[in-house]
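# An overview of the molecular structure
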Amino acid sequence: MTSHVALLGAGYWGKNYIRIMSQMQQKGKIKFAGVFEADSKSRENLRFNYPDVRFVESLDTFLNDKTIDAFVIVTPASTHANVIEQALNAGKNILVEKPLTVDTKSSQKCCELAKEKGLRLMVGHTFLFNSSVRELKRQVEDPEFGKMHYIHCKRTNLGPIRHDTSVIWDLAPHDISIILFLMQSLGKKLQKVSAVGSKNLGGKFEDTAWIHMMFEDNVVAQVHVSWLDPHKVRDVVVVSDKKRLAFDDMDGRHPVKIFMKGVEYVPGWGDQTFNLTVRDGDIHIPNIKSSEPLSEQFEHFLASIQDKSMKNASPGEFGVEVVAVLEAAEISMAKSGQAVLMSDVMGQTNGSAGGCPHSVPPARCERTGDIPLVDIQAAYRTVKPEVDEAVAKVFAQGCFIEGPNCKEFETEFAKYIGVKHCIGVNSGTDALYLAYRYLGLEPGDEIITQANTFIATCLGATTLGAKIKLVDVEPATGQIDASKIEAAITPKTKIIVPVHLYGHAANMEAIVEIAKKHKLKVVEDASQGHGAYFKDKRVGGFGDAGCFSFYPGKNLGAFGDGGALVTNDDALAARIRAWRAWGAVKKYHHTEKGGNSRLDTVQAAILTCKLRKLDAGNAKRREIADKYIAALKGVGDLTLPKSPPNTTSVWHLFVITTDKRDALLQHLNDNKIGAGIHYPLPIHKQECYKDELSSLVGTLPQAELEAPRMLSLPVYPEMTSVQQDRVIEQVKAFFKK
């Protein structure tokens with residue numbers, strides 16, 4: 001039976017696969033279904049170069065094609081887990097280019113799903129099909145090989161330097177796979193990994209690294225990788241007590257040399273000396289068959305599909321171990337070279353050795369491969385090297401409360417917003433409470449805010465005994481309708497609280513003007529607006545105080561709770577700094593009855609790393625929002641969101657409205673797409689405010705109209721075009737039914 005195969009992705013390896021698969025189709029070995037490539041420009045270029053090949057823009061085209069029984073996946077590694085799960089659930093056998101995924105846990109889940117479905121999952125570690133590496137394996141398996149001493153690999157060249165990952169993930173998978181492949185022959189289990197690296201070019205990722213792998217019986221393997229060496233080197237050296245093997249992948253004529261000279265230790269004359277002896281012997285140069293490893297790998301994959309009893313040379317489980325070594329090496333580098341137990345990484349109890357502070361945050365609620373509303377794990381991977389290094393330093397210093405990282409973050413965030421002061425606290429809720437309290441809000445006073453906000457906007461005020469006055473929102477943007485604020489002002493009004501909801505900026509020019517006219521304070525709830533602009537100024541810096549939440553799902557999110565208050569008011573900043581530390585101006589000297597609300601040092605270190613990527617992440621969110629708006633225009637009864645005039649939005653949420661909200665939500669969830677509702681009830685309909693605000697029911701028509709109709713679609717900087725295309729396709733599919 002001839003396999004029907006589709007190729008997913010058309011990067012560097014994809015182009016080689018197009019050639020190989022086209023040749024095999026001509027020979028009648030396969031039926032080449034075509035190529036999925038999400039990028040339109042890449043598709044057009046490929047169509048020009050390969051006019052006889054079919055190219056599709058939607059992955060669903062191949063997923064839903066029952067005649068296709070196999071996929072070759074060469075999409076970016078960050079998409080592998082998601083694409084693999086979709087493919088396995090669609091009944092496709094898979095050959096995926098290395099690495100299997102970008103973390104051990106998702107790699108293991110891919111293997112479990114393949115086993116559950118009874119399908120092949122093979123990982124493209126191409127060097128396992130290299131004739132020279134196969135000769136090394138044959139030599140290691142020879143009884144005459146003797147006792148293994150060590151393996152040393154070196155893979156260096158002057159560039160190309162990547163800016164999206166470290167040199168370990170770029171170059172080391174090849175040599176790690178070779179080492180594990182050879183050690184399989186000896187039955188030696190890998191026990192621990194350590195690694196050190198350096199950022200010689202001052203980039204965000206290591207450009208040079210050394211990995212140390214310790215196997216049973218003290219057998220050691222080492223890998224050196226670098227983008228900075230002046231020479232391109234691809235060497236593998238294997239040393240035993242009877243033979244020494246050398247593989248030079250840059251030597252086209254004689255890549256493998258076998259030195260029939262054993263190495264032995266002989267006791268010397270002194271207590272701490274020894275003599276090194278080398279047995280005489282020949283140098284053997286085996287005849288290495290010329291072949292294309294990528295083609296052999298693909299043919300092996302095809303054969304394994306046809307014959308389920310055939311042993312898979314590079315199964316998913318092998319790919320898991322390679323990913324685990326890479327992950328262990330990253331953890332070790334963050335811990336200054338401390339060894340990491342493979343049993344801890346493979347076990348995934350804490351994501352790293354011994355539950356160290358560099359472990360991966362808890363898995364999101366959705367299963368691996370689903371499209372979440374927000375992907376916390378992907379956000380972590382984006383900053384993993386910097387965060388791991390920063391957190392390791394905090395643990396090494398042991399200063400967990402008000403450490404130097406807190407001051408560093410507060411200084412950088414104040415500068416980012418464009419204000420004099422930033423005071424880190426333990427949540428956005430506390431930031432709002434403290435702003436209200438120290439701007440003089442008292443029992444019986446009133447604040448004015450919008451009806452469709454999150455409840456934290458109001459809780460701080462009512463905790464102080466103040467009352468809430470709600471105004472309606474703009475239909476197009478969901479922001480507070482500034483034209484309705486003045487009508488809500490009474491002699492008891494003290495503070496106006498605009499909320500920069502969904503990542504849009506409220507009309508701060510009009511709001512500040514109203515506040516000045518009526519001598520009111522302004523507190524900005526910017527918990528969803530990190531980096532958003534009104535005109536040429538970032539939100540948070542317009543009012544008397546700006547309040548931010550660093551909840552993990554925010555545009556600038558910690559890996560735990562956190563918040564901050566920003567202000568230009570020196571006296572306000574001083575009082576809040578004192579209150580957050582029990583009212584102390586210095587240790588054990590308390591000027592007032594304060595509380596305990598401090599941003600801890602670990603979260604401050606993480607936030608500093610993430611702040612430096614915030615603008616890039618916000619730009620990516622804008623790209624995703626633009627694509628949604630273009631693709632979903634005119635679909636069903638959808639009303640699509642708009643950015644308010646004179647603003648630059650950061651799209652914390654992408655909120656659509658439809659009369660079929662609940663059914664659409666169920667449809668998306670059934671298709672493993674996360675969606676959310678922000679928020680199902682306006683403030684005056686919340687149970688806790690029923691007694692004091694129930695009279696407002698029916699007086700806030702826009703907020704009441706939108707609450708049962710709004711739905712948030714997934715949006716996060718790490719979202720791939722494949723993932724977004726799937727969301728768009730499922731929304732369209734729902735309205736076609």
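Scoring rules and cut-offs
- Residues numbered from 1 in each chain as written.
- Predicted model: local features only at pLDDT ≥ 70, side-chain atom pairs only at ≥ 80, totals over all residues.
- Heavy atoms only, no water.
- Helix = DSSP H or I, 4+ residues; strand = E, 2+ residues; numbered from the N terminus.
- Buried < 20%, exposed > 50% of the residue type's maximum accessible area, 1.4 Å probe, protein only.
- Axes fitted to C-alpha atoms, helices over the stretch in contact; angles between N-to-C directions.
- Parallel < 35°, antiparallel > 145°, perpendicular 65-115°, else oblique.
- Left-handed = near helix turned anticlockwise from the far one by under 90°.
- Contact = heavy atoms within 4.5 Å.
- Nonpolar A, V, L, I, M, F, W, Y, C, P; charged D, E, K, R; others polar.
- Phe/Tyr/Trp six-rings, centres within 6.5 Å; stacked < 30°, edge-to-face > 60°.
- Lys NZ or Arg CZ within 6 Å of the ring centre and 35° of its normal.
- pLDDT = per-residue confidence, 0-100.
- Pairing = 2+ DSSP bridges.
- Disulfide = S-S within 2.5 Å.
- Core = buried A, V, L, I, M, F, W, Y, C linked by side-chain atoms within 4.5 Å.

### Observations concerning unusual backbone geometry
At the junction of lysine 98 and proline 99, the peptide bond is cis and its omega measures out at -5° in the coordinates. With respect to the helices and strands, proline 99 occurs in the loop between strand 5 (93-97) and helix 5 (104-117). A cis amide bond links histidine 678 with the next residue in sequence, tyrosine 679, at an omega value of 10°. One non-glycine residue, lysine 672, lies in the positive phi region at around 60°. Judged by relative accessible area, lysine 672 falls into the partly exposed class, the value being 22%.

### Observations concerning the packing of helix 7 (residues 167-186) against helix 9 (residues 316-334)
Running from amino to carboxyl end, helix 7 crosses helix 9 at an angle of 125°, the nearest separation of the two axes being 9 Å. By the angle class used here, helix 7 and helix 9 are oblique. When you trace helix 7 past helix 9, the crossing you get is right-handed. Where helix 7 abuts helix 9, its residues Ile168, Trp169, Ala172, Pro173, Ile176, Ser177, Leu180, Phe181 and Gln184 lie against Phe318, Glu321, Val322, Val323, Val325, Leu326, Glu327, Ala329, Glu330 and Met333. Grouping the amino acids of the contact of helix 7 with helix 9 by side-chain chemistry returns 14 nonpolar, 2 polar and 3 charged.

### Some thoughts on the packing of aromatic side chains
Within this structure, the stated rule accounts for 14 aromatic pairs. With a centroid separation of 5.6 Å and an interplanar angle of 35°, the aromatic rings of phenylalanine 454 and tyrosine 679 are classed as tilted. A residue pair is termed long-range when its members are at least 10 positions apart, and phenylalanine 454 in the loop between strand 19 (446-450) and helix 14 (456-463) and tyrosine 679 in the loop between helix 20 (661-670) and helix 21 (690-693) qualify at 225 residues. The exposure class of phenylalanine 454 is partly exposed, given its relative accessible area of 44%. A relative accessible area of 17% means that tyrosine 679 is categorised as buried. With a centroid separation of 4.8 Å and 35° between ring planes, the pair formed by tyrosine 628 and phenylalanine 654 is classed as tilted. With a gap of 26 residues between them, tyrosine 628 in helix 19 (residues 614-632) and phenylalanine 654 in strand 30 (residues 654-657) connect regions that are remote in the sequence. Given a relative accessible area of 0%, tyrosine 628 falls into the buried group. Ring-pair connections join several aromatic residues into one group, and the members of that group are Phe409, Phe413, Tyr416, Phe548 and Phe550. It is lysine 537 that lies over the ring of phenylalanine 542; its NZ or CZ is 4.8 Å from the centre.

### Notes on the confidence of the model for the protein
Predicted confidence across the protein gives a mean pLDDT of 90, with 94% of residues reaching 70 or more. Confidence drops under a pLDDT of 50 for residues 348-369, and excluding neighbours within four residues, the segment shows 59 contacts in the predicted structure.

### Focus: the sheet that holds strand 29 (residues 647-648)
Taken in spatial order, the 3 strands make up an open sheet running 24-23-29, and their pairing is antiparallel. The sheet is open, and its two borders are formed by strand 24 (537-538) and strand 29, each paired with just one other strand. Relative to strand 24, strand 23 (residues 533-534) runs antiparallel, the two sharing 2 bridges. Across the sheet, residue tyrosine 533 finds its bridge partner in strand 24, namely arginine 538.

### As for the environment of threonine 429
Mapped onto the secondary structure, threonine 429 falls in helix 13 (residues 428-438). The exposure class assigned to threonine 429 is partly exposed, which follows from its relative accessible area of 34%. Each C-alpha atom, one on threonine 429 and one on cysteine 547, is 8.4 Å from the other, the two residues being 118 residues apart in sequence.

### Things to note about the side chain of aspartate 725
Mapped onto the fold, aspartate 725 is located in helix 23 (residues 721-736). Of the residues examined, aspartate 725 reaches a relative accessible area of 14% and is grouped as buried. Those residues within four positions of aspartate 725 in sequence are excluded, and the remaining contacts are Ala38, Glu57 and Lys627.

### Comments concerning the state of the cysteines
Summed over the entire model, instances satisfying the criterion amount to 0 disulfides. Here cysteine 110 stays unpaired: no disulfide links it, and the sulfur of cysteine 111, its closest cysteine neighbor, is 6.9 Å away. In this structure cysteine 110 comes out as buried when scored by relative accessible area, which is 5%. Here cysteine 422 stays unpaired: no disulfide links it, and the sulfur of cysteine 406, its closest cysteine neighbor, is 10 Å away.

### Quick notes on the sheet that holds strand 5
Strand order in this open sheet of 6 strands is 3-2-1-4-5-6, and the pairing throughout is parallel. Every interior strand has two partners, whereas the edge strands, strand 3 (55-56) and strand 6 (121-124), have only one. Here 2 bridges tie strand 2 (residues 30-36) to strand 3, and the two strands are oriented parallel to one another. Bridging across to strand 3, valine 35 finds its partner in phenylalanine 55.

### Considering the nonpolar core
Core analysis: the largest hydrophobic core is formed by 105 residues, its most contacted members being Ile151, Ile211, Met213 and Phe298. With 12 residues, helix 7 is the single largest residue contributor to this core. Beyond its immediate stretch of four places on either side in the chain, methionine 213 contacts Ile176, Ile179, Leu180, Leu190, Lys192, Val193, Val219, Val220, Ala221 and Val325. The next biggest cluster of nonpolar side chains, apart from the first, holds 41 residues, and it includes Ala488, Ala532, Leu556 and Leu611.

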